[in-house]
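Here are the chains, one letter per residue:
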Amino acid sequence: DGVVGLADRIRSDEALTALIKKKFSIKCTTGYSINALVDFTDPLEMIKHLFVGSEGTFGFVSRATYHSVPDYKDKASAFIVFPTVEDASNVTWELRKAGCTDAVELFDRRSLRTCEDFEHLHFLRGTSDTATALLIECRGDNAESLQKRIDKSIEVVKATSITLNDAAFSYDAAECSAYWDARRALIPMVGAVREAGTSVLLEDVAVPVQNLATLCNGVTEMFEKFDYHDGSAFGHALEGNLHLVFTQGFETPAQVARYEGMMDHLCKMVCDLEGSLKAEHGTGRNVAPYVEMEWGPKATEIMWELKGLFDPGMLLNPGVVMNKDPKVHTHNLKPLPVAHGIIDTCMECGFCESACPSGHVTLTPRQRIVATREIARLDASGTPEDLNKMMEMKKNYDYQVLDTCAADGMCSVKCPVNINTGRMVKDIRASMTEADSVETKLIDFSANNFGVLMGGLPAVLSIVDKIHGVVGSTVMNFGSKMLSPVTGVHWNPYLPASAPALAAQGPVSVPAGAEKKKVVYFVTCVSRSMGGVARGDSDAGSSLHEKTMSVLSKAGYDVIIPNGISDHCCGLIFDSRGYPKQGSTQMSSLEEELLIASENGTVPILCDTSPCMSRMKEEFKDSRLKSAIFEPTEFAATYLMPRLEIYRKEPSIAVHVPCSSKQMKKDGYFEEVARACSESVTMSPVACCGAAGDRGLRFPEISGGGDRSQVAVPPGAAMVIRDPSKGGNTTSNWTELKSSCSDGYSTSRTCEIQLSNATGTHFKSIMYLLDKCSRPISASASQ
């Protein structure tokens, strides 16, 4: 009744009704969505639409249904530069009236400087100081309709203004992606180069499109007036919507006063242009003091009454959207203290969180950064109270931040400024080691006697496997729980049996007229020691290096095994534990041996484990080796499959691309090999399995096992790739993998163990699949 009463009151006031309609004729999220009281008569619809943009001050939304729009495959983009912002604004207005475009993004001159080094955008260099660009996209449900929209757009542009470059659309996907990547990078690019300890701020305003040029010029003048020399403006031109990006420190009263002055200036300017102080983003606390400036007293009073109806006790997100304190936006400002060089540019946007395997148990990368910053702030404060808080935080820091971080670097893939929180964690682990400690001495002993120690692991695995065969999984699980506090390792039923010793290659034959090839095969330490398969696997008794040798022989490759291979390691196992010095020593020794084996990089090198190959590619000093080394799927797709006959296909398999391969952008090779060897391929949706070398065995909760897991790992929907004759692509629930796929394949042994444990499907190297489905190419086929 209260909401209906307010709606009746608004409708009886023609001036207020007209104001609301005018305000919502452009983008507007300032205050509450009181247009719901004008647009609807049904009380339920009013309430539903009032909740949109209420930021938790009326209640919370437990479920929402999105109405999607078609994403046409036929699209094209143009990046057109105009002499002035007035020219760009006039073109935008004419394009809006013509209705021939699907997106028009504006870049001011400062924004253009930010992205002029992007591929396909070098033509921006040297343009005039007044230049302004529009990124225009046209889409169509078919090529003909797309072309009509493009032709009309070009006609409008040329009839309205001169341009500083050719007004032409590109159909090239790579070029168009470069344009839109530049647009998406504008905010993080500012964040990446800002002074440590400052924040990246983003304001979001809108005006009628006719006032867009005036707004842009006013923003430029405002940045100059208040000394925001890194500030830039860009946005959705068709809606008159600008985003303002700049950096700001809040450490001193003078900095806060500068910010307050800028906000006062901005809000008055936008209101004078009949605009919205918030177009897309929330009002929050920052704009709450200015709601009445934009809306006037009548509409603001309606909003306060709505707040009282839904939350009479003012308990729900108090002070947000509506606030009586005119200075609230200058209080309780969050500092961003300098904490660690790797993370100081973090904006705490949270994009990284979806890629973290341990966020469901302890902390996400963003939370690890926040915790590290807070400890740095408390330490710098130096007050007894803050130092006590710091000591309390440090009690949980090791487990929450350091122990359970997979340090796989997937967070950097999602991060707009490429921050690798895992690298920070490794640095902190290293800083905590003591040269004379017992642990460091044990690590030194392990590095110096690596071959002997790793050579004993297959015997241990063999004993464990035999015990498992006798007592069964239930007893083994119980025994593991009892012994894990001592051993530091948690058993699971997918630990492999012992791998056979590395044997010499069998005879290699090639069809008449074909040429034998040479390859250096680096059998990694994890493959040498854990390269067998688990009890119950259909390939029981075989090993990864046997299968790889078999495939190489069938493809006509003579295999070169580096000398002293049992002593060699890429050093990843040491580096990830916080011992980079020992890891570097191992890496240097391996690099020397591979240079000899590969004849200074002239013979290709196959590494059977993707994470190891990634580290070698990154850490090797010799560029010849960097170019010569391959991970399994790339080498298979590029060199082996053209020399093999794929004579059979598995009905249905699963494939997981390890983190390292994702970061190296090798996903396509996995799909290529899998599709050649299977009628149906289920691609893993898991960003990271949580294995992290042996960390998944020491902290099984990371990958969804163990008693400490708070919730199940979100499985996500998996893409199922099928031949069109078999029904085409679809999706499947990852948790149903066991019933739909015979086996799973990857290129990292520890990942395969964790994936097997999580899904109940045996995972192993993709070289098993290729060996199973291939045979030597016939003489007739080779000609």
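Whatever comes next refers back to the structure up there.
These lines cover the structure that appears in this document, whether it is placed above or below. Source: prediction; values computed, not measured.

## Some words on the pattern of salt bridges
When their charged atoms lie close together, side chains carrying opposite charge are able to pair.
Turning to step 1, where the next piece is worked out: Inspection of every chain in the model, using the stated rule, returns 47 salt bridges.
Turning to step 2, where the next piece is worked out: Arginine 125 serves as the salt-bridge partner of aspartate 117, at 2.9 Å between the closest nitrogen and oxygen.
Turning to step 3, where the next piece is worked out: Since its relative accessible area comes to 55%, aspartate 117 is described here as exposed.
Turning to step 4, where the next piece is worked out: The class for arginine 125 is partly exposed, based on a relative accessible area of 43%.
Turning to step 5, where the next piece is worked out: Residue aspartate 694 is joined to arginine 577 by a salt bridge in which the shortest nitrogen-to-oxygen separation is 2.5 Å. Remark: arginine 577 occurs in the loop between helix H20 (572-575) and helix H21 (580-597) and aspartate 694 occurs in the loop between strand E13 (680-683) and helix H27 (695-698); sequence separation between them is 117 residues.
Turning to step 6, where the next piece is worked out: For aspartate 694, a relative accessible area of 25% translates into the label partly exposed.
Turning to step 7, where the next piece is worked out: A cluster of three or more residues bridged by salt bridges with shared partners is formed by Arg423, Lys426, Asp427, Asp575 and Arg615.

## So, helix H12 (residues 365-381)
Turning to step 1, where the next piece is worked out: In this model H12 runs 24 Å from its N-terminal to its C-terminal C-alpha over 17 residues, within 8% of the 24 Å that 1.5 Å per residue would give.
Turning to step 2, where the next piece is worked out: Looking only at H12, the buried set comprises Pro365, Arg368, Ile369, Ala371, Thr372, Arg373, Ile375 and Leu378.
Turning to step 3, where the next piece is worked out: Among the structural elements, helix H13 (384-403), helix H14 (410-414) and helix H15 (421-431) are those in contact with the buried residues of H12.
Turning to step 4, where the next piece is worked out: Following H12 by one or two positions, glycine 382 adopts a phi angle in the positive range, close to 80°.

## Remarks on the sheet that holds strand E8 (residues 557-560)
Turning to step 1, where the next piece is worked out: Read from one edge of the open sheet, four strands run E8-E7-E9-E10, paired in parallel fashion. Only two strands of the sheet have a single partner each, and these edge strands are E8 and strand E10 (629-630).
Turning to step 2, where the next piece is worked out: Looking at chain direction, strand E9 (residues 605-607) and E10 are connected through two bridges and run parallel. Residue leucine 606 lies in a different strand from E10, and its bridge partner there is phenylalanine 630.

## Thoughts on the nonpolar core
Turning to step 1, where the next piece is worked out: Leu594, Met616 and Leu640 are the most contacted members of the largest nonpolar core, which has 57 residues in total.
Turning to step 2, where the next piece is worked out: With residues up to four places along the chain from it excluded, the contact list for leucine 640 reads Val551, Leu552, Ala555, Tyr557, Phe635, Met767 and Leu770.
Turning to step 3, where the next piece is worked out: Of all hydrophobic cores here, the second largest spans 52 residues; its members include Phe82, Val157, Leu212 and Leu266.

## Some remarks on the side chain of lysine 662
Turning to step 1, where the next piece is worked out: Tracing the sequence through the fold places lysine 662 in helix H25 (residues 659-663).
Turning to step 2, where the next piece is worked out: It is aspartate 667 that comes nearest to the buried, bridge-free lysine 662 among opposite-charge side chains, at 6.1 Å.
Turning to step 3, where the next piece is worked out: Polar side-chain contacts of lysine 662 include one of 3.2 Å to the backbone oxygen of alanine 687.
Turning to step 4, where the next piece is worked out: Those residues in contact with lysine 662 that lie beyond four places of it in its chain are Met410, His656, Val657, Asp667, Val686 and Ala687.

## Quick look at the packing of helix H9 (residues 212-225) against helix H10 (residues 253-272)
Turning to step 1, where the next piece is worked out: Relative to each other, H9 and H10 sit at 165°, their axes nearing to 11 Å. With respect to their mutual orientation, H9 and H10 come out roughly antiparallel. Helix-helix and strand crossings are classified by hand; for H9 and H10 the assignment is right-handed. Residues Leu215, Gly218, Val219, Met222 and Lys225 of H9 form the contact with H10, whose own contacting residues are Met262, His265, Leu266, Met269 and Val270.
Turning to step 2, where the next piece is worked out: Looking at the contact of H9 with H10, its residues break down into seven nonpolar, two polar and one charged.

Thresholds applied
Residues numbered from 1 in each chain as written. Predicted model: local features only at pLDDT ≥ 70, side-chain atom pairs only at ≥ 80, totals over all residues. Heavy atoms only, no water. Salt bridge = Lys/Arg side-chain N within 4 Å of Asp/Glu carboxyl O. Buried < 20%, exposed > 50% of the residue type's maximum accessible area, 1.4 Å probe, protein only. Helix = DSSP H or I, 4+ residues; strand = E, 2+ residues; numbered from the N terminus. Expected span 1.5 Å × (residues − 1). Contact = heavy atoms within 4.5 Å. Pairing = 2+ DSSP bridges. Core = buried A, V, L, I, M, F, W, Y, C linked by side-chain atoms within 4.5 Å. Lys, Arg positive; Asp, Glu negative; His and termini not counted. Polar contact = N/O pair within 3.5 Å; in protein donor to acceptor, adjacent residues only side chain to side chain. Axes fitted to C-alpha atoms, helices over the stretch in contact; angles between N-to-C directions. Parallel < 35°, antiparallel > 145°, perpendicular 65-115°, else oblique. Left-handed = near helix turned anticlockwise from the far one by under 90°. Nonpolar A, V, L, I, M, F, W, Y, C, P; charged D, E, K, R; others polar.

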